[in-house]
Amino acid sequence: QQQVKQSPQSLIVQKGGIPIINCAYENTAFDYFPWYQQFPGKGPALLIAIRPDVSEKKEGRFTISFNKSAKQFSLHIMDSQPGDSATYFCAASPSGTYKYIFGTGTRLKVLA
Amino acid sequence: DAGITQSPRHKVTETGTPVTLRCHQTENHRYMYWYRQDPGHGLRLIHYSYGVKDTDKGEVSDGYSVSRSKTEDFLLTLESATSSQTSVYFCATHSTSGRLDTGELFFGEGSRLTVL
């Protein structure tokens, strides 16, 4: 079974810190690696996504780093703010399908 | 707002009763999904659809069936609900636009189901 393993389960940082969330996958044939942000009582929403032919992508304070040989990708949040407190999910879509598989989620709390 | 409506948003039912959750979209997206979200498990795919009457199983499909008779509607049915199906259910849609595909799923607000 294809899996995406996410860590840590929870994370607490001070305002201005740089939380890092990691994901690892077990199958080489994935097309997209998106990250989703979810606030309590809401559905997840796309934050940023990367394709496997790119090693890094930055959008505002959010950066994805992708290491194809290690089969790992990570999310960095620069200058984190209390408003970034949410649950973050990594995901991946197997090549040739849009059957997105999600990680187990990381609950981030940014202290003021 | 991607125009996804889930109904009902909250439901309490008893073990053994049938339950149907409805997802309605106004974006004419080809792909539709049902996920369940549980603490410690994240989002797990139940079923998805890649077109009208075209569906496929996800990783946790046992005990669930789906139907899609129109592009805009995707129904999830629990034929005989069990307590292990107590969860928050999310519908999602995906639009493929060839080279412009960003891998984005659009999620509904969720349906909280409690099976007593």
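Enquirer: Go over the interface of chain B and chain A with me, naming the residues and quoting the values.
Expert: With 26 residues of chain B at the interface, the matching set in chain A holds 19 residues. Of the roughly 1,900 Å² buried where chain B meets chain A, counting both sides, 53% is carbon and sulfur surface. Counting across the interface, chain B meets chain A through two salt bridges. Counting across the chain B and chain A interface gives six residue pairs in polar contact (both at pLDDT 80 or more).

Enquirer: Please set out the state of the cysteines residue by residue, giving values where relevant.
Expert: Residue and element names in this part refer to chain A. Throughout the structure, instances matching the rule amount to two disulfides over all chains. In this model Cys-23 forms its disulfide with Cys-90; the gap between the sulfur atoms is 1.8 Å. The sign of the -90 degrees torsion about the S-S bond sets the Cys-23-Cys-90 disulfide as left-handed. A residue pair is termed long-range when its members are at least 10 positions apart, and Cys-23 in strand β3 (residues 20–25) and Cys-90 in strand β9 (residues 86–94) qualify at 67 residues. A single burial state applies to Cys-23 and to Cys-90, both of which are buried.

Enquirer: Provide a residue-level description of the sheet that holds strand β7 (residues 62–67) of chain A, including the pertinent values.
Expert: All names here are of chain A. Read across the open sheet, the five strands follow the order β1-β3-β8-β7-β6; overall the sheet is antiparallel. The open sheet has two free edges, formed respectively by β1 (4–7) and β6 (56–59), since each of these has just one partner strand. Shown here is a sheet whose adjacent strand axes are inclined to one another by a mean of 15 degrees, direction ignored. Inspection of the sheet shows β7 paired to strand β8 (residues 72–77) by six bridges, in the antiparallel sense. Bridge pairing in β8 links Ile-64 to Leu-75.

Enquirer: Could you give an account of a nonpolar patch on the surface, naming the residues involved and the relevant values?
Expert: A contiguous nonpolar surface patch, about 240 Å² in accessible area, is contributed by Ile-18, Ile-20 and Met-78 of chain A. For Ile-18 of chain A, the position within the fold is in the loop between β2 (10–14) and β3.

Enquirer: Got a sec to walk through the sheet that holds strand β3 (residues 19–25) of chain B? Specific residues and values, please.
Expert: Residues and elements named next belong to chain B. Reading across from one edge, β1-β3-β8-β7 is the order of the four strands in this open sheet, with antiparallel pairing throughout. Two strands lie at the open edges of the sheet, namely β1 (4–7) and β7 (64–70), each paired on one side alone. Across this sheet, the average inter-strand angle for adjacent strands is 15 degrees, counted without regard to direction. Inspection of the sheet shows β1 paired to β3 by four bridges, in the antiparallel sense. Opposite Ile-4, over in β3, you have Gln-25 as the bridge partner.

Enquirer: Account for the packing of aromatic side chains, with residues named and values stated.
Expert: All names here are of chain A. For the structure shown, the criterion picks out 22 aromatic pairs over all chains. Taking the centre distance of 5.4 Å and the plane angle of 90 degrees together, the rings of Tyr-25 and Phe-30 count as edge-to-face. Across the pair, exposure class does not vary: Tyr-25 and Phe-30 are buried alike. When the ring of Phe-30 is compared with that of Phe-33, the centres are 5.9 Å apart and the planes differ by 65 degrees; the resulting orientation is edge-to-face. Residue classification places Phe-33 among the buried residues on the basis of a relative accessible area of 1%.

Enquirer: Now, about the environment of Tyr-89 of chain B: what can you tell me, with residues and values included?
Expert: Residues and elements named next belong to chain B. Along the chain, Tyr-89 falls in strand β9 (residues 87–94). Among the residues examined, Tyr-89 registers a relative accessible area of 0% and is labelled buried. For the pair Tyr-89 and Gln-6, spaced 83 residues apart in the sequence, the C-alpha separation amounts to 9.2 Å. Polar contacts involving the side chain of Tyr-89 include one to the side chain of Tyr-64, which spans 2.7 Å.

Enquirer: Tell me about the pairing of β8 of chain A, and please be specific about residues and values.
Expert: All names here are of chain A. Of all six residues in β8, five are buried, a share of seventy percent or more. The sheet contact formed by β3 and β8 spans five bridges and is antiparallel. If you follow Cys-23 over to β8, its bridge partner there is Phe-73.

Enquirer: Go over the pattern of salt bridges with me, naming the residues and quoting the values.
Expert: For the structure shown, the criterion picks out nine salt bridges over all chains. With a closest N to O distance of 2.8 Å, Arg-61 of chain A and Asp-84 of chain A form a salt bridge. Of this pair, Arg-61 of chain A sits in the loop between β6 and β7 while Asp-84 of chain A sits in the loop between β8 and β9, and the two are 23 residues apart along the sequence. Since its relative accessible area comes to 28%, Arg-61 of chain A is described here as partly exposed. Between Asp-38 of chain B and Arg-44 of chain B there is a salt bridge, with its nearest N and O atoms 3.0 Å apart. Each of the two residues, Asp-38 of chain B as well as Arg-44 of chain B, counts as buried. Residues participating in the shared-partner salt-bridge network are Arg-22, Lys-70 and Asp-73 of chain B.

Criteria and thresholds
Residues numbered from 1 in each chain as written. Chains lettered and ligands numbered in written order. Predicted model: local features only at pLDDT ≥ 70, side-chain atom pairs only at ≥ 80, totals over all residues. Heavy atoms only, no water. Contact = heavy atoms within 4.5 Å. Buried area = accessible area lost by both parts, 1.4 Å probe. Salt bridge = Lys/Arg side-chain N within 4 Å of Asp/Glu carboxyl O. Polar contact = N/O pair within 3.5 Å; in protein donor to acceptor, adjacent residues only side chain to side chain. Disulfide = S-S within 2.5 Å. Helix = DSSP H or I, 4+ residues; strand = E, 2+ residues; numbered from the N terminus. Buried < 20%, exposed > 50% of the residue type's maximum accessible area, 1.4 Å probe, protein only. Pairing = 2+ DSSP bridges. Axes fitted to C-alpha atoms, helices over the stretch in contact; angles between N-to-C directions. Patch = residues over 30% accessible without salt bridge, like charges linked within 9 Å, V, L, I, M, F, W, Y side chains within 5 Å. Areas by Shrake-Rupley, 256 points an atom, 1.4 Å probe, with all protein chains shown as cover. Phe/Tyr/Trp six-rings, centres within 6.5 Å; stacked < 30°, edge-to-face > 60°.

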